[in-house]
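Here's the letter readout for the chains.
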Amino acid sequence: MSINSQVQKSNLEYEEFKMLRGLRLTSLKSCLLEPYASSFHIKCNYTSTKPSSKVQNLPRLPVPKLGDTLNKYLKSVQPFLNDAEFNTTCNLVKEFETGMGQKLQSLLEKRAEQHQNWLEDWWLNTAYLEYRDPVVVFSSPGLVFPFRKFNNQQDQLKYAAKTLLAALDYKALIDNDKIPVEMMGKSPLDMSQYKKIFGTCRIPIEKRDKLSFNDSKHVTVIHNNHIFRVDLWGSDGKRLNEDQISQILKKVVDLSSTPASDAIGVLTSENRDNWAKAYQLLSKDKVNRESLLDVETSLAVLCLDAATGVWRLEGDPQRTLAAAQTIHGGGSRSNGANRWFDKTIQFIVGADGITGLTYEHSPAEGQPIAVLTDFIIKYIEQDKPVESSSSSPKDPVRLTFNVNKEVAEMISTAKTNLDKLVADLDLNCFKFDRYGKNFIKSHKMSPDSYLQMAMQYAFYKLHGTPGAHYESAATRMYAGGRTETIRSCSVQSVQFARAMLDARAAPRDKLAALHGAVKAHKDYTVQALQGLGVDRHLLGLKLIAIENGIELPKIYSDPGYVRSAHMRISTSQVACRCDGFMCYGPLVPDGYATCYNPRDDDVNFATAAFAAHPDTASAPYRAALEHALTDMHDVLLRATQSKL
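Source: prediction; values computed, not measured.

Help me out: how do you make sense of the nonpolar core in this one?
Looking at soluble globular proteins, one finds that nonpolar side chains tend to be buried together. Formed by 105 residues in total, the largest nonpolar core has its most connected members in Tyr 170, Leu 302, Leu 304, Trp 340 and Phe 347. Sorting elements by how many residues they give to this core places helix H7 (residues 153-175) first, with 12 residues. Excluding residues within four positions of it along the chain, Phe 347 makes contact with Thr 163, Leu 164, Ala 167, Ala 300, Val 301, Leu 302, Cys 303, Gly 356, Leu 357, Leu 372 and Ile 376. Grouped together as the second largest cluster of nonpolar side chains are 45 residues, Ala 499, Tyr 596, Tyr 621 and Met 632 included.

Quick look at the structure:
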């Protein structure tokens, strides 16, 4: 197979990266933002590029110098403190640096000597497996594929069959080490996450979940809340072709024409401890244990969804409805129980053309998912020759669950809780079409930093105060690397927002403030990409203290730490080649989520807030963001015209 795939990663393209002032080019070439938070162009050719080795010899994640981290930390907290508070924070930091901080730094450095990646296990546990809120909305992103028009059920099932075949081809490339090693300049990136997306399932356990990694030849198919095993290889060991898979999916549909009385899948949308208790009750029954194991060991889940009326809508409402379906399924009365949210990959193929996936975030970042998405879209759009068929395909098997009264009550509660969560998630997905990244680059600015500053400006315009702002940077240049936080809110971003809101400020002053804010963001980005941010180092010092029974230093309860870590703006970039977009929920109750896809002449946005909080709503945030982008455009134009 010869397939060229281009994964667009940060909106900082490599040419832009070289423009960053005063930075070491050698280091920059090995930097990459998290897949859906960035837009570097990585070209992958599956036939001409050297395949990934099974064991990569990559450097270890560094432990930053304590003084460097604390200096960056003080700069990052300043926007959230008044002068007296900042002075108190400075004193606490100085006390920490000369006292307990040194001991904790030494302990952390010893840990780093004993682990390939000192953060990897800690991060998996603290960020994901010990997190008790539902994975739905709070952790698992949705990814909307381009809309499809299915004329009939057969069209839906053929599309679903092609999706599964594309996934199998992609998995074969991974298994045979034919996914090329991704490079940034001359530096290879860690490819281990690719091995973790198929056959992986999160298992609910009270206090801390676990991950199960499996290899199998079947998928889980869910229709009308009924759960089936579908084998993709026949008894003769040959893979099924498109027509055979379509026929089996038709049998699934025929066997589940009415909704299941016990919607087991909805339990996976619950608080993790609640789901763990239900899981334990289910597991007391042998039949249930076998059914649970069948789902957990499957390669992926395919959700054959009911129609949602998406074609009664147009434009932004249509996008918003599709986003909701990929995030939470629209609730228990729609497709919310037609899911198994613990599986890493869930493909969604709706009867009326909503297609996409939702993925459980704990085993991997967005990179393998982003490449998979482009691979599937391209596969489906190709006219592939008819493949050989199996002479003995297996019939689908409905998985049986024996549900007692207690579990039935838990299912009812899970439906209620999911519906509350669905009602609380205020989504607004839209296309900003006045300009895109070409206009921004024509003014010699990074589109990513520019858009980040638009979000800072929008938040300040709405709330009159700086917003702590999270953007994710991947640290895959290191063995086992996951992410570091880019703290997008800075003294410079606040100065920029205030300048834009000052009617007396001259255009040149607004432009200067914009350039200053963009530069500050780029400088922080480069450090974060190299594992030299603030948040992961401070987390490591905190966890090493807990591990050694040391009382947490006061720095962790100081207003500077608390406010700067309360990320009211959670952002990521997914630069898809297709007209798709990613979406998710806010990190905090009074926050906003913003996923964006900057294209040449427009920008796709998926924004979200929680309806329950009186201070936030997605519609005003969208309006403020559009206003900010328009204001910034006009400032750039006026500055250009004044030079003529």
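Right, picking up where we left off after that structure.
Explain the environment of Pro 146 here, please?
Along the chain, Pro 146 turns up in the loop between strand S3 (142-144) and H7. With relative accessibility at 18%, the residue Pro 146 sits in the buried group. Sequence separation between Pro 146 and Ile 354 is 208 residues; the distance between their C-alpha atoms is 8.0 Å. Not counting residues within four places of it along the chain, the set of residues in contact with Pro 146 comprises Thr 355, Ile 377, Cys 578 and Asp 579.

Would you mind going over the pattern of salt bridges with me for this structure?
Side chains that differ in sign of charge can pair as their charged atoms come close. This structure, assessed with the given rule, holds 36 salt bridges. A salt bridge links Asp 342 to Arg 272; the shortest N-O distance between them is 2.8 Å. With a gap of 70 residues between them, Asp 342 in the loop between helix H11 (316-327) and strand S11 (345-350) and Arg 272 in helix H9 (residues 272-283) connect regions that are remote in the sequence. Take Asp 342 and Arg 272: they sit in the same class, and that class is buried. Residue Arg 487 pairs with Asp 535 through a salt bridge whose shortest N-O separation is 2.8 Å. With Arg 487 in strand S16 (residues 483-487) and Asp 535 in helix H18 (residues 535-547), this residue pair connects regions lying 48 residues apart in the sequence. Arg 487 sits in the buried class, given a relative accessible area of 6%. Residues participating in the shared-partner salt-bridge network are Arg 132, Arg 202, Asp 209, Arg 272, Asp 273, Asp 342 and Glu 360.

Explanation requested: H9 in the structure shown.
Helical geometry: 3.6 residues make up each α-helical turn, so side chains three or four residues apart lie on a common side. The end-to-end C-alpha distance of H9 is 16 Å, a good match for the 16 Å that 12 residues give at a rise of 1.5 Å each. Along H9, the residues that are buried comprise Arg 272, Trp 275, Ala 276, Ala 278, Tyr 279, Leu 281, Leu 282 and Ser 283. Contacts from the buried residues of H9 go to strand S6 (200-203), helix H10 (286-297) and helix H13 (405-424). Between the side-chain oxygen of the N-cap and the backbone nitrogen of Asp 273 there are 2.9 Å, and the N-cap of H9 in question is Asn 271.

Would you take a moment to explain the pairing of strand S7 (residues 210-213) for this structure?
Regular strands show a simple pattern: their side chains alternate between the two faces of the sheet. In this structure, S6 lies alongside S7, joined through four bridges in antiparallel fashion. Bridge pairing in S7 places Arg 202 opposite Leu 211. Hairpin connection of S6 to S7: six residues between the antiparallel strands, including Lys 207 at a positive phi of 80°.

Where do I start with empty space enclosed by the protein in this structure?
Empty space among the atoms can be located by rolling a probe the size of a water molecule over them. For the structure shown, the criterion picks out five cavities of 30 Å³ or more. The space that makes up the second largest cavity amounts to roughly 60 Å³. Considering the residues around the second largest cavity, the lining is formed by Leu 61, Pro 64, Trp 118, Leu 119, Thr 475, Thr 483, Glu 484, Gly 531, Arg 536 and His 537. In terms of residue class, the lining of the second largest cavity is built from four nonpolar, four polar and two charged.

Would you mind showing me how to read the sheet that holds strand S12 (residues 355-359) here?
In space, the eight strands of this open sheet follow the order S13-S9-S8-S10-S11-S12-S3-S18, with mixed pairing throughout. Sheet topology places strand S13 (397-398) and strand S18 (581-583) at the edges, where each strand pairs with a single neighbour. Sheet strands in contact with helix H12 (residues 367-381) are S3, S11 and S12, and its direction is about 35° off that of S11.

Would you take a moment to explain the environment of Tyr 170 for this structure?
Relative to the assigned elements, Tyr 170 resides in helix H7. With 202 residues separating them along the chain, Tyr 170 and Leu 372 place their C-alpha atoms 6.9 Å apart.

Would you mind showing me how to read the packing of aromatic side chains here?
Two measures describe an aromatic ring pair: the distance that separates the ring centres and the angle between the ring planes. In the structure shown here, the tally under the stated rule is 17 aromatic pairs. A ring pair is formed by Phe 432 and Tyr 435, whose centres lie 5.3 Å apart and whose planes are at 90°; its orientation type is edge-to-face. The same class applies to Phe 432 as to Tyr 435, namely buried. Aromatic pair Tyr 457 and Phe 496: ring centres 5.9 Å apart, planes at 70°, arrangement edge-to-face. Taken together, the residues span a long stretch of sequence, with Tyr 457 in helix H15 (residues 447-463) and Phe 496 in helix H16 (residues 491-501) at a distance of 39 residues. For Phe 496, a relative accessible area of 0% translates into the label buried.

I tried to follow unusual backbone geometry on my own but got confused; where do I start?
The bulk of non-glycine residues show a negative phi, and the bulk of peptide bonds are trans. Positive phi, close to 75°, is recorded for Val 137, a residue that is not glycine. Within the secondary structure layout, Val 137 lies in the loop between helix H6 (120-129) and S3. Phi at Asn 225 takes a positive value of approximately 75°, unusual for a residue other than glycine. Here Asn 225 shows up in the loop between strand S8 (218-223) and strand S9 (226-231).

The rules behind each value
- Residues numbered from 1 in each chain as written.
- Predicted model: local features only at pLDDT ≥ 70, side-chain atom pairs only at ≥ 80, totals over all residues.
- Heavy atoms only, no water.
- Core = buried A, V, L, I, M, F, W, Y, C linked by side-chain atoms within 4.5 Å.
- Buried < 20%, exposed > 50% of the residue type's maximum accessible area, 1.4 Å probe, protein only.
- Helix = DSSP H or I, 4+ residues; strand = E, 2+ residues; numbered from the N terminus.
- Contact = heavy atoms within 4.5 Å.
- Salt bridge = Lys/Arg side-chain N within 4 Å of Asp/Glu carboxyl O.
- Expected span 1.5 Å × (residues − 1).
- Polar contact = N/O pair within 3.5 Å; in protein donor to acceptor, adjacent residues only side chain to side chain.
- Pairing = 2+ DSSP bridges.
- 1 Å grid on protein atoms, 1.4 Å probe; cavity = no way out; pocket = protein on both sides within 12 Å on 5 of 7 lines; lining within 4 Å.
- Points joined across faces, edges and corners; volume = space filled by probe spheres on them.
- Nonpolar A, V, L, I, M, F, W, Y, C, P; charged D, E, K, R; others polar.
- Axes fitted to C-alpha atoms, helices over the stretch in contact; angles between N-to-C directions.
- Phe/Tyr/Trp six-rings, centres within 6.5 Å; stacked < 30°, edge-to-face > 60°.

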